[in-house]
Protein chains: 2
Amino acid sequence: MDKLREQESIGRDISHLFRSIRNFMGRRLQPYGIGDAQFPFLMLLLHEDGISQERLATYLKCDRATSARSIARLEHAGYVRRLVDPEDRRAYKVFLTEQGQELGDVLWSVSKELNGILLEGFSDEEKLAFRKMIKRAGMNISKWEQIRKTADE
Amino acid sequence: MDKLREQESIGRDISHLFRSIRNFMGRRLQPYGIGDAQFPFLMLLLHEDGISQERLATYLKCDRATSARSIARLEHAGYVRRLVDPEDRRAYKVFLTEQGQELGDVLWSVSKELNGILLEGFSDEEKLAFRKMIKRAGMNISKWEQIRKTADE
DNA sequence: GCTTATTAGTTGCTTATGCAATTATTGCGC
DNA sequence: GCGCAATAATTGCATAAGCAACTAATAAGC
């Protein structure tokens, strides 16, 4: 397997990493009746309350449909409330409920725990470098997506 | 958003990166009638032919069910053939068909293209460091999964 | 002011993935 | 040799995610 392992792309390792992260988050959030996908939405709402599903989708770089379904699940679970925006009756304003705000501490601690696990043995410089490289790779491929989309038109 | 961005976990960036990679691979492989998930299976089979679904799952760090379904799709598309292992009639031996072997060049070129996009602007040292860190993080979280599994028993 | 384009949200379809339960086969203990 | 544990594969169920098509509301062009 050595020849393969040398030449293989990083895609597979990122895939493995991502699936493991989902698994971890799923297990940690299960007691609260939500899935791993709801985590980033809650984190964003903790920081900026009352924004639309569209803005949530944009910030989290996901599809509007994904945003809609994730918020719907959070609403059913009682963590958010949706109010029609009086300024634009197409859009909702998504607010955390009291229950949602109370979840904040748990979410931060789970987030820290995950970071601690992932970056165990990393020096501070390595942690920073790793974060930056992930962001750079993400920006690189975003650029490609942008080129593709404009080419489609 | 700055305060949030500083403190946020790397999980979100990895999620974005992973989804973008799936998107890219999905588009590149669509002309061949397969999805992004089939790519690592084909790559592994190009290197080691005639192994079982179980071994494929182990190498690719995924569930046996995922392996089974991915191989089934490859079989329907005509890229692999499954023969019952005469030494162990529970298991299959998965072989690439001629059509599957011919896909090799395409897969390598798609893989290289993805790497080129992701790592654009990275120096050789950075590329190597990035790969290593992704692997380290993956091993870190694998260790946690292992501890959890043994604790469940 | 009316038509058209854009935008926010929803829903159906498809793919991917993991877990649990089931079946079939192998192998171990005795 | 028999019964039971372990293993390979399959299937059902649940979650997640993107795309496309649709509705409803707003904005722009004229």
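Residues numbered from 1 in each chain as written. Chains lettered and ligands numbered in written order. Predicted model: local features only at pLDDT ≥ 70, side-chain atom pairs only at ≥ 80, totals over all residues. Heavy atoms only, no water.

**Observations concerning the packing of helix 3 (residues 38-47) of chain B against helix 5 (residues 64-76) of chain B**
Residue and element names in this part refer to chain B.
Alright, step 1. Two elements in contact, helix 3 and helix 5, have axes separated by 10 Å at closest approach and are oriented at 80 degrees. Taken together, the axes of helix 3 and helix 5 lie roughly perpendicular to each other. Every residue of helix 5 that contacts helix 3 at Gln38, Phe41, Leu42 and Leu45 is listed here: Thr66, Ser67, Ser70, Ile71, Arg73 and Leu74.
Alright, step 2. In terms of residue class, the contact of helix 3 with helix 5 is built from five nonpolar, four polar and one charged. (Axes fitted to C-alpha atoms, helices over the stretch in contact; angles between N-to-C directions. Helix = DSSP H or I, 4+ residues; strand = E, 2+ residues; numbered from the N terminus. Parallel < 35°, antiparallel > 145°, perpendicular 65-115°, else oblique. Contact = heavy atoms within 4.5 Å. Nonpolar A, V, L, I, M, F, W, Y, C, P; charged D, E, K, R; others polar.)

**Some points on the protein's contact with DNA strand D**
Alright, step 1. Around DNA strand D sit 28 residues in total, of which Arg73(A), Arg27(B), Glu54(B), Arg90(B) and Tyr92(B) are the nearest.
Alright, step 2. A share of 74% is what sugar and phosphate atoms reach among the atoms of DNA strand D within 4 Å of the protein.
Alright, step 3. The side chain of Gln53(B) places a nitrogen or oxygen atom 2.8 Å from a phosphate oxygen of DNA strand D.
Alright, step 4. Taking Tyr92(B), its main chain carries an N or O atom lying 2.7 Å from a phosphate oxygen of DNA strand D. (Near = heavy atom within 4 Å. Polar contact = N/O pair within 3.5 Å; in protein donor to acceptor, adjacent residues only side chain to side chain.)

**Things to note about the relation of the copies chain B and chain A**
Alright, step 1. Note on the identical chains: chain B maps onto chain A by a rotation of 180 degrees and an axial translation of 0.0 Å, with an RMSD of 0.0 Å. Look at the turn and shift together and you get a two-fold axis relating the two. (Least-squares fit on C-alpha atoms with pLDDT ≥ 70 in both.)

**A short note on the domain arrangement of chain A**
Alright, step 1. For chain A, the domain assignment lists domain 1 (8-118) and domain 2 (123-153).
Alright, step 2. One C-alpha centre belongs to domain 1 of chain A, the other to domain 2 of chain A; they are set 21 Å apart. (Domains from an automatic or database assignment.)

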